[in-house]
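# Observations on chain architecture
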Amino acid sequence: MSTPTSKVTVKPRRLILEMPEYHPPLAGRDNALRLDFNENTLAPSPVVMDRLKQIPAERLTVYPEREPVERQVAAHLGLPSNQLLLTNGVDEAIHLVCCAFLEPEDEAIIAPPSFFMYDVSISMMTRHLVKVQADETLQFPFERFLAAINERTKLIVIVSPNNPTGATVGRSEILAIANAAPHAVVLVDEAYFHFHGETVLNDLATTPNLIVARTFSKAYGLANLRIGMLAGSPELIGYLHKVSSPYNVNGVALDCLTAAIEDDAYITWYAEQIRIGRERMMGGLDELGVHYFPSAANFVLMKIGPLHRELVAAMRKRGILLRDRSTDPGCDGYVRITIGIGEHVTRGLEALKASLDEIGWKSEF
Ligand code: PMP
């Protein structure tokens, strides 16, 4: 291999030099019970696995065609197909929205603690990221959020249920925000919709500045295939089409997605397992004396305190991964646990009890 002899002097845009980076802790996740990334802990629908096995070799030689699948997904959601764009996960969806709508002088508003990719994608386009921090209840700060909107606001992000808190924002609050800012895009991230059930998808027709993001990574169990979607007015989706590559979602993912949406019964079943498991997890945490934030998603944020690192390490020793959220704003000492199917909740709770004992953790109650 040749070694470069002269130094690179080319620099990226100034905002790229300044923007934060996101490095999720992906290493060493094999062969563990992964209660760290809010994934489906079982598998996608068996219908998806059958379709995957039937994909002929020559299919991999073809550029993917997204549009017929967009039509199917739109029909499945009761939307016209010009109101939907499939994306390479919601991660790409966020990136596309920021690319399409944010000028360097525009403001964008988010309510931390929330999903870090918003910081990343917004900071790529503008320095004016307005953060309306939740108070210690970690509920959505509606009044302060509304008060932060001004004529420079161009993008408003509402994540419901939110990650990592599990807190929700009511439909009437979302619509009040959207109506207060007709000059801004209101992006509602419904990545965890299936575990909650409330949506503003049906409000798109009457709220033209609304965009809804959904993922197939969570309830559908397709995180590895990278598929998400954006829904909005034909005009807004049209702009997003312009900034999207025509091949952003690969053909294997598209084939699997058509199979996945045929099996509604699987999603209903999986979401129900999570609701039951979430109640059981919260009950178990009550018994252990661990404070947590009531969640509408497939995870629970626990308040562990100074021993947060020790807990994550003790759980890892037992083959179970948790996500330490201590560096998130307002989350010092907090650890997040994903809710999976019943047996994974049982293993999680048993290991939590043993690990808390081992590290000498004492309840504050
Ligand atoms: N939004 C939220 C709130 C999330 O928690 C996540 C994943 N952790 C995403 C979006 C990204 O999802 P995807 O896998 O579709 O990129």
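A brief report on the enclosed structure follows. (Residues numbered from 1 in each chain as written. Predicted model: local features only at pLDDT ≥ 70, side-chain atom pairs only at ≥ 80, totals over all residues. Heavy atoms only, no water.)

### A word on the overall build of the protein
Looking only at helices and strands, one finds 12 helices and 13 strands in the protein. The globule rule puts the C-alpha radius of gyration for 365 residues at 21 Å, and the 21 Å found for the protein is close to it. For the C-alpha atoms alone, the extent of the protein along its principal axes is close to 60 × 55 × 50 Å. When burial is assessed residue by residue, the protein has 55% of its 365 residues classed as buried. The long-range share in the protein, meaning contacts at least 24 apart out of those at least 6 apart in sequence, stands at 72%. In the structure as shown, the protein presents an accessible area of about 17,100 Å², 54% of it carried by carbon and sulfur atoms. Each charge class in the protein can be summarised by its mean position, and for the 35 positive and 44 negative side chains these summaries are 5 Å apart. (Helix = DSSP H or I, 4+ residues; strand = E, 2+ residues; numbered from the N terminus. Rg over C-alpha atoms; globule rule 2.2 N^0.38 Å. Buried < 20%, exposed > 50% of the residue type's maximum accessible area, 1.4 Å probe, protein only. Contact = heavy atoms within 4.5 Å. Areas by Shrake-Rupley, 256 points an atom, 1.4 Å probe, with all protein chains shown as cover. Lys, Arg positive; Asp, Glu negative; His and termini not counted. Charge placed at Lys NZ, Arg CZ, Asp CG, Glu CD.)

### With respect to the sheet that holds strand 10 (residues 299-303)
Ordered by their spatial adjacency, four strands build an open sheet running 9-10-13-12, and the pairing between neighbours is antiparallel. On the outer flanks of this sheet lie strand 9 (291-293) and strand 12 (323-324), each paired with one strand and no other. Looking at chain direction, strand 10 and strand 13 (residues 334-338) are connected through five bridges and run antiparallel. Residue pairing for strand 13: Lys303 is matched across the bridge by Tyr334. (Pairing = 2+ DSSP bridges.)

### Comments concerning the environment of Gln133
Position of Gln133 among the secondary structure elements: in the loop between strand 4 (128-131) and helix 6 (142-147). Put simply, Gln133 and Arg144 are 11 residues apart on the chain and 9.0 Å apart in space, counted from C-alpha to C-alpha. Those residues in contact with Gln133, other than ones at most four positions away along the chain, are Pro112, Pro113, Pro141, Arg144, Pro329 and Gly330. Here Pro329 takes part through its backbone oxygen, which lies 3.3 Å from a polar atom of the side chain of Gln133. (Polar contact = N/O pair within 3.5 Å; in protein donor to acceptor, adjacent residues only side chain to side chain.)

### Some points on the pattern of salt bridges
Counted by the stated rule, this structure contains 18 salt bridges. Put simply, Glu18 and Arg127 hold a salt bridge, and the shortest N to O gap is 2.8 Å. With Glu18 in helix 1 (residues 14-18) and Arg127 in the loop between helix 5 (117-123) and strand 4, this residue pair connects regions lying 109 residues apart in the sequence. The class for Glu18 is partly exposed, based on a relative accessible area of 46%. With a shortest N-O distance of 3.6 Å, Arg34 and Glu39 are connected by a salt bridge. The class of Arg34 is partly exposed, set by a relative accessible area of 35%. One salt-bridge network, in which partners are shared between bridges, spans Arg29, Arg34, Asp36 and Glu39. (Salt bridge = Lys/Arg side-chain N within 4 Å of Asp/Glu carboxyl O.)

### Section: the site of the ligand
Of all residues adjacent to the ligand, which total 13 residues, the nearest are Val90, Asp189, Tyr192, Thr215 and Ser217. Within the contact set of the ligand, a nitrogen atom lies 3.1 Å away from a side-chain nitrogen or oxygen of Lys218. No other element matches helix 4 (residues 89-101), which puts three residues into the shell around the ligand. Partitioned by chemical class, the residues of the shell around the ligand number five nonpolar, four polar and four charged. (Near = heavy atom within 4 Å. Nonpolar A, V, L, I, M, F, W, Y, C, P; charged D, E, K, R; others polar.)

### Observations concerning the side chain of Arg278
Mapped onto the elements of the fold, Arg278 is located in helix 10 (residues 264-288). For the buried residue Arg278, which engages in no salt bridge, the nearest side chain bearing the opposite charge is Glu279, 4.9 Å off. A distance of 3.3 Å separates a polar side-chain atom of Arg278 from the backbone oxygen of Ser295. Here Arg278 is in contact with Phe195, Ser295, Ala296, Ala297, Val300 and Ile339, once residues within four sequence places are set aside.

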